[in-house]
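In case you want the letters, here they are:
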Amino acid sequence: MSAAELTRSVWDVDADDFPGNAGIDEQARFLLRYAILAPSSHNSQPWRFRIDGNAIHVAADESRWLAVADPDERELFVSLGCAVENLVVAAERFGLDPMVTYPEKGGERVATVTLGGNGDGDDASPLFDELTARRTSHDPFDGESLDVTARERIVAAADADAVALSLVAGETKRAVGELQAKADRLQMEDPAYRKELGRWIGLGVLGHSWLAARVGQAVVSHLDLGDREAAKNSTLVESAPLIGVLTTETDDPVARVETGRVFERVALRASAEGVAVHPMSQILERPDLRGQLADELDPGGAKPQHLFRLGYADEMPEHTPRWPVAVVLDEG
Ligand SMILES: Cc1cc2nc3c(=O)[nH]c(=O)nc-3n(C[C@H](O)[C@H](O)[C@H](O)COP(=O)(O)O)c2cc1C
């Protein structure tokens, strides 16, 4: 995968181009155009796909794993879960009755989406329309409370057996802001973290986003970066009326893929409601701070898997680029 293959043209996928009369594997290949639009940590896009009849196998691309920021591979699996959910939402739209299964043993395959139905569906789906619209907002929000209906719909989108959504405000949000500032300071003091981040920025995956613009030059050299990032990220937390945290009872790859699936449904629903979403992973990337966050949220022991701001942004950024399907599909 080279930087030259990255493109924003992938966002121009049109549902009218779905090959309704073609074989299931060609239809599956079309669905992948939606899968690759999923969010991922540092836009690392750590996915590989293989089509086998009516099955789409989703695997991790370990070469795109953020080994320094994400030593326990939590974000890797959450990102893969986002891609799985995009596949599910797209397959449902075209009447392909998707079913998600997880392999019993470990290994590189993370999930399989099996397609049924006959591909002639035309189910109106508000989440489907957001697959090509959703994006992450990295800017401060305007502080406005979430509209009550929007909040209810976002909570409903997170309904799942194995994953719980907590919406955090008030005192607990202030505590999250403090943990965030601590996490930023510790990370930016770590040359290995800065080097890894610099590599992804150098590839151009982050486009002109907040991360690239504000951290870009500084990452290579800078001295007071930790304090600056800490102050900025505290502002980001303060400006958000709500922080969402997804937790699970277990802390294994399947729980994390399921977390990614729920997060993506939340992100798509939020996008439909005009609500901006911004994952902030720094706290979860430090085991000690992740433990402190868990204590704040639920002394009962649920494991925080993903944390994000919710609120209203004045402007949304442009889409970030992706490696196209041909680059992430294993043929044969
Ligand atoms: C598991 C995960 C962790 C993320 N962590 C962060 C983060 O800590 N800070 C941030 O600004 N964005 C974070 N993001 C958002 C990504 O940077 C974003 O999804 C990626 O750049 C692609 O852009 P898009 O979401 O606008 O398509 C995260 C996304 C995922 C799925």
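The name that an unreviewed UniProt entry assigns to the protein chain is Nitroreductase, with the source organism given as Haloplanus aerogenes.

1. Quick word on the sheet that holds strand E7 (residues 276–279)
With antiparallel pairing, four strands are arranged side by side in an open sheet as E5-E6-E8-E7. The sheet is open, and its two edges are formed by strand E5 (163–168) and E7, each paired on a single side. Across this sheet, the average inter-strand angle for adjacent strands is 25 degrees, counted without regard to direction. Bridge count between E5 and strand E6 (residues 242–248): six bridges; the pairing is antiparallel. Residue pairing for E6: Val-168 is matched across the bridge by Ile-243. Sitting on the sheet, helix H5 (residues 170–188) touches E5, E6 and strand E8 (303–311), and the angle it makes with E5 is about 100 degrees. Across the sheet, helix H10 (residues 287–297) is in contact with E5, E6 and E8; its angle to E8 comes to roughly 75 degrees.

2. Describing the nonpolar core
Core analysis: the biggest nonpolar cluster contains 75 residues, and Leu-31, Leu-32, Tyr-34, Phe-49, Ile-56, Leu-87 and Phe-94 have the highest contact counts within it. Among the elements that line this core, the one with the most residues is helix H2 (residues 74–93), at 11 residues. Counting contributing residues per domain, this core is built from domain 1 (3–135 + 319–330) and domain 2 (148–311), each supplying no fewer than three. Beyond its immediate stretch of four places on either side in the chain, Phe-49 contacts Leu-32, Ala-35, Ile-36, Ile-56, His-57, Val-58, Ala-83, Leu-87, Val-328, Leu-329 and Asp-330. In this structure, Val-168, Leu-236, Val-237 and Leu-293 belong to the second largest nonpolar core, which totals 17 residues.

3. Quick notes on helix H6 (residues 191–203)
Between its terminal C-alpha atoms H6 stretches 18 Å, which fits the 18 Å expected from 13 residues at 1.5 Å a residue. Taken together, the buried positions of H6 are occupied by Tyr-193, Arg-194, Glu-196, Leu-197, Trp-200 and Ile-201. With its buried residues spanning 165 degrees around the axis, H6 presents them on a single face. Exposed side chains of H6 directed beyond 90 degrees from the buried face belong to Pro-191, Lys-195 and Gly-202. The opening residue of H6 is Asp-190, an N-cap whose side-chain oxygen sits 2.9 Å from the backbone nitrogen of Ala-192. Looking one or two places after H6, you find Gly-204, whose phi comes out positive at around 90 degrees.

4. A few points about the site of the ligand
In the vicinity of the ligand lie 21 residues, with Arg-134, Thr-136, His-278, Ser-281 and Arg-322 positioned nearest. Ser-40 places a polar main-chain atom, nitrogen or oxygen, 3.4 Å from an oxygen atom of the ligand. At 2.9 Å from an oxygen atom of the ligand is found a side-chain nitrogen or oxygen belonging to His-138. Compared with its free state, where it exposes 620 Å², the ligand has 97% of that area covered by protein. Listing elements by their share of the shell around the ligand, those giving two or more residues are H2 and E7. By residue number, the principal contributor to the shell around the ligand is H2, which donates three residues. When the residues that make up the shell around the ligand are grouped by side-chain class, the tally is six nonpolar, 11 polar and four charged.

5. Quick word on the packing of H2 against helix H9 (residues 253–272)
Put simply, H2 and H9 touch, their axes get as near as 6 Å, and they point 55 degrees apart. Taken together, the axes of H2 and H9 lie oblique to each other. Classified by chirality, the crossing of H9 by H2 is right-handed. Two secondary-structure elements touch here, H2 through Arg-74, Phe-77, Val-78, Gly-81, Cys-82, Val-84, Glu-85, Asn-86, Val-88 and Val-89 and H9 through Pro-253, Arg-256, Val-257, Thr-259, Gly-260, Arg-261, Phe-263, Glu-264, Arg-265 and Leu-268. Class assignment for the residues of the contact of H2 with H9 results in 10 nonpolar, four polar and six charged.

6. A few points about the side chain of Ser-239
Of note, Ser-239 is situated in helix H8 (residues 225–239). Residue Ser-239 is classed as buried on the basis of its relative accessible area of 10%. Polar contacts involving the side chain of Ser-239 include one to the main-chain carbonyl oxygen of Leu-236, which spans 3.0 Å. Reaching out from Ser-239, the side chain makes a polar contact with the side chain of Arg-309 at a distance of 3.3 Å. With near-sequence residues (within four places) excluded, Ser-239 lies in contact with Pro-140, Phe-141, Asp-142, Gly-143 and Arg-309.

Basis of the calculations
Residues numbered from 1 in each chain as written. Predicted model: local features only at pLDDT ≥ 70, side-chain atom pairs only at ≥ 80, totals over all residues. Heavy atoms only, no water. Pairing = 2+ DSSP bridges. Helix = DSSP H or I, 4+ residues; strand = E, 2+ residues; numbered from the N terminus. Axes fitted to C-alpha atoms, helices over the stretch in contact; angles between N-to-C directions. Contact = heavy atoms within 4.5 Å. Core = buried A, V, L, I, M, F, W, Y, C linked by side-chain atoms within 4.5 Å. Buried < 20%, exposed > 50% of the residue type's maximum accessible area, 1.4 Å probe, protein only. Domains from an automatic or database assignment. Expected span 1.5 Å × (residues − 1). Arc of directions from axis to C-beta. Polar contact = N/O pair within 3.5 Å; in protein donor to acceptor, adjacent residues only side chain to side chain. Near = heavy atom within 4 Å. Areas by Shrake-Rupley, 256 points an atom, 1.4 Å probe, with all protein chains shown as cover. Nonpolar A, V, L, I, M, F, W, Y, C, P; charged D, E, K, R; others polar. Parallel < 35°, antiparallel > 145°, perpendicular 65-115°, else oblique. Left-handed = near helix turned anticlockwise from the far one by under 90°.

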